[in-house]
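Here are the chains, one letter per residue:
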Amino acid sequence: MSSRMTIDQALQHPWITEFQQLPDRPLSGVVFNRLKRFTEMTKLHGIMLNVVAKYLPDDSIGQLREMFKTLDKGNKGTINADDLKEAVKQLGVSSSPEVVEGMLQRLDADNSGEIEYEEFLAAAVNKKELVTDHTLNHIFGAWVVGRQGGGG
Ligand SMILES: [Ca+2]
């Protein structure tokens, strides 16, 4: 039996839960897990999340905005491969550079080579929070108004 933990096992581990409270760690275990799960989704699912993420209310993404700023070294407005690797290292999860590169490629919806804020949001947000009345009203409300020519 191998004593080496998988990433998923490590993220269930109590000390990860403890670490995610620490402010000097740019990435929380929970969010890292979401990013990882995002890479396992179908491409279409990822595109849909990118669309929905644009309509998220500010109050549900405040913490993620702060996390993005912390990850974004030098205030570039984007997260690059180095930022992500450093964050994963600080999280204390053993993850190969290839895994992090793969994660970045998957999150990078527009193939710019970096993760923009909305790309990060799409992957990092709690998926249960995504499909709420608020976001659905925004998306379908805008669509219905568009179809009716804005009249009322
Ligand atoms: Ca991008």
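Preceding this paragraph is the structure being described.
Read on for a plain summary of the structure. (Residues numbered from 1 in each chain as written. Predicted model: local features only at pLDDT ≥ 70, side-chain atom pairs only at ≥ 80, totals over all residues.)

Glancing now at the overall build of the protein. A count of helices and strands for the protein gives 10 helices and two strands. Ordered by position from the N terminus, the helices and strands of the protein form the series α-α-α-α-α-β-α-α-β-α-α-α. Counting over 152 residues, the protein shows a buried share of 21%. Sequence-distant contacts, at least 24 apart, represent 65% of the contacts inside the protein between residues at least 6 apart. (Helix = DSSP H or I, 4+ residues; strand = E, 2+ residues; numbered from the N terminus. Buried ≥ 20, exposed ≤ 12 C-beta atoms within 10 Å, placed from the backbone. Contact = placed C-beta atoms within 7 Å.)

By size, the foremost hydrophobic cluster in this structure holds 26 residues, and its most contacted members are Leu35, Leu107, Phe120, Leu121 and Ala124. Those elements giving two or more residues to this core turn out to be α3 (29–39), α5 (58–71), α6 (81–91), α7 (97–107) and α8 (117–124). Ignoring sequence-local partners within four residues, the contact set of leucine 107 consists of Leu35, Phe38, Ile115, Glu119, Phe120 and Ala123. (Core = buried A, V, L, I, M, F, W, Y, C linked by C-beta atoms within 7 Å.)

Two numbers describe a pair of packed helices, the interaxial angle and the distance between the axes. Between α3 and α7, whose axes approach to 9 Å, the crossing angle comes to 70°. It follows from the interaxial angle that α3 and α7 lie roughly perpendicular. Residues Leu35, Lys36, Phe38 and Thr39 of α3 touch α7, and the partners they reach there are Gly102, Met103, Arg106 and Leu107. (Axes fitted to C-alpha atoms, helices over the stretch in contact; angles between N-to-C directions. Parallel < 35°, antiparallel > 145°, perpendicular 65-115°, else oblique.)

With that out of the way, let us pick up the environment of glutamate 86. Inspection of the secondary structure assignment puts glutamate 86 in helix α6. Expressed as a C-alpha distance, the spacing of glutamate 86 and leucine 71, which sit 15 residues apart in the sequence, is 8.7 Å.

So, on to unusual backbone geometry. Phi at asparagine 75 is positive, roughly 50°, even though this residue is not glycine. One non-glycine residue, asparagine 111, lies in positive phi territory at about 55°. On the basis of neighbour count, asparagine 111 is assigned to the exposed category, with 6 C-beta atoms found within 10 Å.

For the rest of this paragraph, the subject is the environment of aspartate 83. Looking at the secondary structure, you find aspartate 83 in helix α6. Considered as a pair, aspartate 83 and lysine 73 are 10 residues apart in the sequence and their alpha carbons are 6.5 Å apart. If we skip the residues at most four places from it in the chain, aspartate 83 touches Leu71, Asp72 and Lys73.

So, about α6. Every buried residue of α6 is listed here: Asp83, Leu84, Ala87, Val88 and Leu91. Axial view of α6: buried residues confined to an arc of 130°, hence all on one face. In the segment just after α6, glycine 92 is the residue with positive phi, at about 85°. (Arc of directions from axis to C-beta.)

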